[in-house]
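For reference, the chains in residue letters:
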Amino acid sequence: MSPEKLGHMANQIATFFESQPGDQARAVADHINANWAPAMRAQFLDGAPEQALHPLVKAALPEIRRPV
């Protein structure tokens, strides 16, 4: 999957969680960690610096687990 597509998907997740109560950035990270395959997370994290990401996605980046 392209980094642009993954960034778009992450932004959609953030758009959903911005209307939810609680720690919204943590919810974005938790959702990505639980539902994205390790290869998707790795590709997303590698391409994240070049993406136009929603502020909640940017805040979630440190909590998104990089596969080993």
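Residues numbered from 1 in each chain as written. Predicted model: local features only at pLDDT ≥ 70, side-chain atom pairs only at ≥ 80, totals over all residues. Heavy atoms only, no water.

Novice: Help me out: how do you make sense of the overall build of the protein chain in this one?
Specialist: Looking only at helices and strands, the protein chain features four helices and zero strands. From first element to last, N terminus to C terminus, the protein chain shows the α and β order α-α-α-α. Radius of gyration (C-alpha) of the protein chain: 11 Å, near the 11 Å computed for a compact globule of 68 residues. Its C-alpha atoms put the protein chain at 30 × 25 × 15 Å along the principal axes. Relative to all contacts within the protein chain whose residues are 6 or more apart in sequence, the contacts with residues 24 or more apart total 64%. As displayed, the protein chain offers around 4,000 Å² of accessible surface, 56% of which is attributable to carbon and sulfur atoms. (Helix = DSSP H or I, 4+ residues; strand = E, 2+ residues; numbered from the N terminus. Rg over C-alpha atoms; globule rule 2.2 N^0.38 Å. Contact = heavy atoms within 4.5 Å. Areas by Shrake-Rupley, 256 points an atom, 1.4 Å probe, with all protein chains shown as cover.)

Novice: What's the story with the side chain of His54 in this structure? I'm lost.
Specialist: For His54, the position within the fold is in the loop between α3 (38–47) and α4 (55–60). We classify His54 as buried; its relative accessible area is 16%. Within the local environment of His54, its side chain forms a polar contact with the backbone nitrogen of Leu56, the two atoms lying 3.0 Å apart. Leave out the neighbours within four places in its chain, and His54 touches Asn11, Ala14, Thr15 and Glu18. (Buried < 20%, exposed > 50% of the residue type's maximum accessible area, 1.4 Å probe, protein only. Polar contact = N/O pair within 3.5 Å; in protein donor to acceptor, adjacent residues only side chain to side chain.)

Novice: Just checking my understanding: could you explain the pattern of salt bridges for this structure?
Specialist: If the charged atoms of two oppositely charged side chains come close together, the side chains can form a pair. This model, assessed by the stated rule, comprises two salt bridges. In this structure, Glu63 and Arg26 form a salt bridge, with 2.9 Å as the shortest nitrogen-oxygen distance. In this pair, Glu63 is assigned in the segment after α4 and Arg26 in helix α2 (residues 24–35), connecting sequence segments 37 residues apart. Between Asp46 and Arg66 there is a salt bridge, with its nearest N and O atoms 2.9 Å apart. Highlighted residues: Asp46 in helix α3 and Arg66 in the segment after α4, separated in sequence by 20 residues. (Salt bridge = Lys/Arg side-chain N within 4 Å of Asp/Glu carboxyl O.)

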